[in-house]
Amino acid sequence: SQQGEEDPQALSIQEGENATMNCSYKTSINNLQWYRQNSGRGLVHLILIRSNEREKHSGRLRVTLDTSKKSSSLLITASRAADTASYFCATVLHGSGNTGKLIFGQGTTLQVKP
Amino acid sequence: DTAVSQTPKYLVTQMGNDKSIKCEQNLGHDTMYWYKQDSKKFLKIMFSYNNKELIINETVPNRFSPKSPDKAHLNLHINSLELGDSAVYFCASSQDGRLGQELFFGEGSRLTVL
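A few points on the structure. Counting from 1, residues in each chain are numbered in the order their sequence is written. Chains carry letters and ligands carry numbers; both start at the beginning, A for chains and 1 for ligands, and go up in the order they are written. A pLDDT threshold of at least 70 governs which residues receive local features in this predicted model, and a stricter bar of 80 or more applies before side-chain atom pairs are shown or counted, although totals over entire chains, interfaces and linings include all residues. Hydrogens and water molecules were not included; the side-chain quantities draw on all heavy atoms of the structure.

Segments assigned H or I by DSSP are reported as helices when at least four residues long, segments assigned E as strands when at least two residues long, and all are numbered from the N terminus. The helix and strand tally for chain B stands at 0 helices and 11 strands. Counting helices and strands in the order they occur from the N terminus, chain B gives β-β-β-β-β-β-β-β-β-β-β. Radius of gyration: over C-alpha atoms. The globule rule applied is 2.2 Å multiplied by the number of residues raised to the 0.38 power. For chain B, whose C-alpha radius of gyration is 13 Å, the value lies close to the compact-globule estimate of 13 Å for 114 residues. Taking the principal axes of its C-alpha atoms as reference, chain B extends roughly 40 × 30 × 30 Å. A simple rule labels every residue: compare its accessible area, found with a 1.4 Å probe on the protein chains alone, to the largest value its type can have, and call it buried under 20%, exposed over 50%, or partly exposed in between. The buried share among the 114 residues of chain B stands at 46%. A fraction of 54% describes how many contacts in chain B between residues 6 or more apart in sequence connect residues 24 or more apart. Using the Shrake-Rupley algorithm and a 1.4 Å probe, accessible areas are obtained, with residue cover drawn only from the displayed protein chains. Carbon together with sulfur atoms contributes 49% to the accessible area of chain B, which is approximately 5,500 Å² in total. Residues count as neighbours in contact if any of their non-hydrogen atoms are within 4.5 Å of one another.

We now examine the sheet that holds strand β1 (residues 5-7) of chain A. All names here are of chain A. Following DSSP output, two strands are said to pair if at least two bridges run between them. Judged by pairing direction, the sheet is antiparallel, and its 5 strands sit side by side in the order β1-β3-β8-β7-β6 without closing on themselves. Two strands lie at the open edges of the sheet, namely β1 and β6 (55-58), each paired on one side alone. Across the sheet, the axes of successive neighbouring strands diverge by a mean angle of 20°, strand direction being ignored. Relative to strand β7 (residues 61-66), β6 runs antiparallel, the two sharing 4 bridges. Each residue of the ladder has a partner; that of S58, found in β7, is L61. To get an axis, fit a line to the C-alpha atoms, keeping to the stretch in contact for a helix; angles then go from 0 to 180 degrees between the N-to-C directions.

Bringing the sheet that holds strand β8 (residues 73-78) of chain B into the picture now. All names here are of chain B. In spatial order, the strands read β1-β3-β8-β7; together these 4 strands make up an open sheet with antiparallel pairing. In this open sheet, the two edge strands, each paired with only one partner strand, are β1 (4-7) and β7 (64-70). Within this sheet the neighbouring strands show an average axis-to-axis angle of 15°, counted without direction. Relative to strand β3 (residues 19-25), β1 is paired through 4 bridges, and the arrangement is antiparallel. Its bridge partner lying in β3, V4 is registered against Q25.

This part is about unusual backbone geometry. Geometrically, the link from A:D7 to A:P8 is a cis peptide bond, its omega value of 0° lying close to zero. Here A:P8 shows up in the loop between β1 and β2 (10-14). With an omega of -5°, the peptide bond between B:T7 and B:P8 qualifies as cis. In this fold, B:P8 is placed in the loop between β1 and β2 (10-13). Although it is not a glycine, B:K41 sits at a positive phi angle of roughly 75°.

Below, the structure written as structure tokens:
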């Protein structure tokens, strides 16, 4: 069954606005990762947050993790048209043995209008 | 140089045919993966190899057979293609997948079965 679910499924904003995407998961995790996928391209890793971390920053990206609520959020500040893409959260389940299996959610499609 | 490259990028074929997709990574990573992305963008792991050893084998029809001749290459052979096999297949690699690290993806191979 699917581990991560993103919310909203689609988001449309104006350039310059902030975009917030949420991810919820079901079972304990080792880490949670966010990826971006431009149309017709492969996924690109954005940021990894470990289960013992609460917040992480990378440029205009801010990721939070709340393990008690089993949720994470990705905030993109001062969005640009080039941020238009699908964003996926992915989790590595705690106790996934020696496989480190990464399970992806269905993604949030972000459109940033110029 | 492309880090993770897969060929072909597009594949159109008839039901019942056999086809292969090839993947190569020049990152020196130990672990490689095949993921399938359906029309709703849901990304599902199929196989993972760590240093030529199969470590993840999800519930995939045995018409799908991965082969890793060395740790830099992971190929996917599909027998007796069905309509439902139409999807985008992504190859990915990570330094050591057992640790749940970030993935580096190829650009995808879009398979269309007619």
